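Residues per chain are reported as follows:
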Amino acid sequence: MKFKNILIVPIILLVFVKSFAQEKDSIQNKSWYTPDYVKMQFAGNIGFLSVGAGYQLFNDVLYTELLYGFVPKSISRSENIHLITIKNTFPLFRKKIGKELTLIPIAGIAVTYDVGSTTFTTLPDKFPEGYYFPTAFHATLYAGAMVHHEFKNKSLFKGADYYLEVGTVESYLWYAVVNESVTFKNVFSTSVGVNFYF
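First, a word on what this report is: a plain description of the structure on this page. This one's a predicted model, so the numbers in the text were calculated from it and none came from an experiment.

Moving on to a nonpolar patch on the surface. A cluster of nonpolar residues, M40, F42, F48, L49, V51, I75, L164 and V192, forms a patch on the protein surface that exposes about 660 Å² of accessible area. Those elements giving two or more residues to the nonpolar patch turn out to be β1 (37-42) and β2 (49-57). By the element assignment, L49 lies in strand β2.

What follows is the structure, encoded as structure tokens:
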């Protein structure tokens, strides 16, 4: 499957959702397809480093993002890994801290597609049926905290989110449940990231 074809479905989903969920006042200020923010994340089961763009939807009840993640072969110990992720984050509540800061506990789910040659969406013929789960798609569950900083000088960006998350992949969680040698503390990982708002 060509790389450009991989991107078609998530882009269409983002455009469709954004067109219906954008707030009226935001539509008046910018084009409906313009992202609300750009993002960079370190770790978190969606790449050693991930970059992309996102939208605040339904009156900021949902943050939806399209991300490209990369893991160099020096870290993966096999080959370079390329990942495409749709990440959905739900703010649980907001607590103002002074004039410029807001604390936001978050939880969410991300769906990741591994573009590499060592993963598969359907089981190869060389394996017995049911021997392995498909390895190309994964769901990541996570929770954490985010601090939003509203900038005084809005010349380039209006503000930023700084966040910390703890999460796990669904297959790791499954192994922790069915295999006594895998403990829950071994299947969770930490990620940090930043969103810059236009």
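Further remarks concern empty space enclosed by the protein. Counted under the stated rule, the structure contains two cavities of 30 Å³ or more. If you add up the space inside the largest cavity, you get close to 80 Å³. What lines the largest cavity is a set of 13 residues, and nearest its centre among them are G44, T140, Y142, E165 and S191. Of all the secondary structure elements, the ones that give two or more residues to the lining of the largest cavity are β7 (137-150), β8 (159-169) and β9 (189-197). Looking at which element gives the most residues to the lining of the largest cavity, the answer is β8, with three residues. In this model, the second largest cavity occupies a volume close to 40 Å³. Looking at the second largest cavity, the residues that line it are K39, Y63, E65, K87, T89, I106, M146, Y163, E165 and N195.

Basis of the calculations
- Residues numbered from 1 in each chain as written.
- Predicted model: local features only at pLDDT ≥ 70, side-chain atom pairs only at ≥ 80, totals over all residues.
- Heavy atoms only, no water.
- Patch = residues over 30% accessible without salt bridge, like charges linked within 9 Å, V, L, I, M, F, W, Y side chains within 5 Å.
- Areas by Shrake-Rupley, 256 points an atom, 1.4 Å probe, with all protein chains shown as cover.
- Salt bridge = Lys/Arg side-chain N within 4 Å of Asp/Glu carboxyl O.
- Helix = DSSP H or I, 4+ residues; strand = E, 2+ residues; numbered from the N terminus.
- 1 Å grid on protein atoms, 1.4 Å probe; cavity = no way out; pocket = protein on both sides within 12 Å on 5 of 7 lines; lining within 4 Å.
- Points joined across faces, edges and corners; volume = space filled by probe spheres on them.

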